[in-house]
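Working through the structure, step by step
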Amino acid sequence: MLQDSFRHQGLRRQLVAQLREKGIQNEMVLEAIGKIPRHLFMDNAFLEFAYQDKAFPIACGQTISQPFTVAYQTQLLDPAKGEKVLEIGTGSGYQSAVLAESGAKVFSIERHKPLHEETRKRLDLLNYFSIKTHYGDGFKGLPAFAPFDKILVTCGAPEIPQLLLGQLKVGGIMVIPVGSLTEQVMTTVIKKPGGEIEIIHFDTFRFVPMLGDKVR
Ligand code: SAH
């Protein structure tokens, strides 16, 4: 199962070239995408398509985000070695792996228990032991591990969750797609040293919705 071949590596190089063309410039992000075997984060049925720049279905009716979206969000977040990063929506664990490649300490929450369990096993198999995964409701964050330098939300949120904002360090940044069920605007929320909040809007995306409560 854990096979990574020269063919896969070649397909990844092509994907990285495509992402560069689409405007991704952060070298850490491109290097991580060039290194991580995305096909090992997907269901068998979609293996052939793993290095297309597309989202694909995973367990529990969710999706593994499109590589461009992962790169776009990670570039805005700009994680660095040693920083504490909270991700909402573990899903397949692919985005968590990209964050971990920056050297950040990654905490990730998933509300679907079977997905949380399956992904934990996958991350262990791929030696991503440093990524801490939690089963819970991302709207509540992880108060026991707060505050975080950076917060990345990988599902479409109806608004900026205030509990998450409360767990962000002063000087920290949250990257979050905010909008309706069908369309969200990528948004950065920066907590300024004086305590005020700066909000900047970017491009439009379509994520699976951020929903409250846990699912067993
Ligand atoms: N980062 C993932 C993207 C998965 S899609 C990846 O790289 O594969 C978004 C995920 O957010 C889904 O798995 C969904 O179940 C999860 N999610 C939605 N609402 C949530 C919430 N309130 N708390 C935690 N996870 C949530």
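Preceding block: the structure.
Okay, so let's go over this structure. Fair warning: this is a prediction, and the values are worked out from it, not measured in the lab. (Residues numbered from 1 in each chain as written. Predicted model: local features only at pLDDT ≥ 70, side-chain atom pairs only at ≥ 80, totals over all residues. Heavy atoms only, no water.)

1. So, the site of the ligand
Spelled out, the test is: Here, proximity means that at least one heavy atom of the residue falls within 4 Å of the molecule or strand. Any pair of nitrogen or oxygen atoms within 3.5 Å is treated as a polar contact; in protein, a donor-acceptor pairing is required on top of that, and neighbouring residues in sequence qualify only through side-chain atoms on both sides. Only the protein chains shown count as cover for residues, with accessible areas throughout obtained via the Shrake-Rupley method and a probe of 1.4 Å. For helices the rule is a DSSP run of H or I covering at least 4 residues; for strands it is a run of E covering at least 2, with both sets numbered from the N terminus onward. Three categories are distinguished: nonpolar for Ala, Val, Leu, Ile, Met, Phe, Trp, Tyr, Cys and Pro, charged for Asp, Glu, Lys and Arg, and polar for the others, with Gly belonging to the last.
Taken together, 27 residues lie around the ligand, and Gly 89, Ser 92, Glu 110, Gly 138 and Leu 211 are the ones closest in. Gln 62 is positioned with one of its side-chain polar atoms (N or O) 3.5 Å from an oxygen atom of the ligand. Between the ligand and Gly 89 there is a distance of 2.9 Å, counted from a nitrogen atom to a backbone nitrogen or oxygen. Protein chains shield 99% of the accessible area of the ligand, which is 580 Å² for the free molecule. Looking at the shell around the ligand, the elements with two or more residues in it are strand 2 (63-64), strand 3 (84-88), helix 4 (94-100) and strand 4 (105-110). Taken together, the residues of the shell around the ligand sort by class into 11 nonpolar, 12 polar and four charged.

2. Notes on the sheet that holds strand 8 (residues 184-191)
What counts is decided by this rule: Strand pairing is defined by DSSP finding a minimum of two bridges between the two strands. Think of each axis as a best-fit line through the C-alpha atoms, taken over the contacting stretch in the case of a helix, with angles from 0 to 180 degrees between the N-to-C directions.
The strand order 5-4-3-6-7-8-9 describes an open sheet built from seven strands, whose pairing is mixed. Edge strands, defined here as strands with exactly one partner in the open sheet, are strand 5 (132-135) and strand 9 (197-205). Strand-to-strand, the axes of this sheet are offset by a mean angle of 15°, without reference to chain direction. Here strand 4 runs beside strand 5; their pairing, made up of four bridges, is parallel. Paired with Phe 107 across the two strands is Lys 132, which belongs to strand 5.

3. Details of the layout of surface pockets
The cut-off we apply is this: Detection works on a 1 Å grid of protein atoms alone, calling trapped sets that fit a 1.4 Å probe cavities and calling open sets with protein on both sides within 12 Å along at least five of seven lines pockets, with lining residues defined by an atom within 4 Å of a point. Grid points are joined across faces, edges and corners, and a volume is the space filled by probe spheres set on the points.
By volume, the largest pocket amounts to about 510 Å³. Forming the walls of the largest pocket are 36 residues, and the residues nearest its centre are Thr 63, Ser 65, Thr 154, Cys 155 and Val 208. If you list the elements that add at least two residues to the lining of the largest pocket, you get strand 2, helix 3 (67-77), strand 3, helix 4 and strand 4. Here the element with the most residues in the lining of the largest pocket is helix 3; it accounts for three residues. Residue composition of the lining of the largest pocket, grouped by class: 15 nonpolar, 16 polar and five charged.

4. Remarks on the side chain of Asn 26
So the rule is basically this: Categorising residues by exposure relies on relative accessible area from a 1.4 Å probe, with only protein chains included: less than 20% of the type maximum marks a residue as buried, more than 50% marks it as exposed, and the intermediate range marks it as partly exposed. In what follows, residue pairs with any heavy atoms lying within 4.5 Å of each other are defined as contacts.
Checked against the element boundaries, Asn 26 lands in the loop between helix 1 (6-21) and helix 2 (27-35). Asn 26 gets classed as buried once you look at its relative accessible area, which sits at 16%. One polar contact links the side chain of Asn 26 to the main-chain amide nitrogen of Met 28, over a distance of 3.0 Å. Among the polar contacts listed, one links the side chain of Asn 26 to the side chain of Asp 78, at a separation of 3.4 Å. Contact partners of Asn 26, with chain neighbours within four places excluded, come to Gln 75 and Asp 78.

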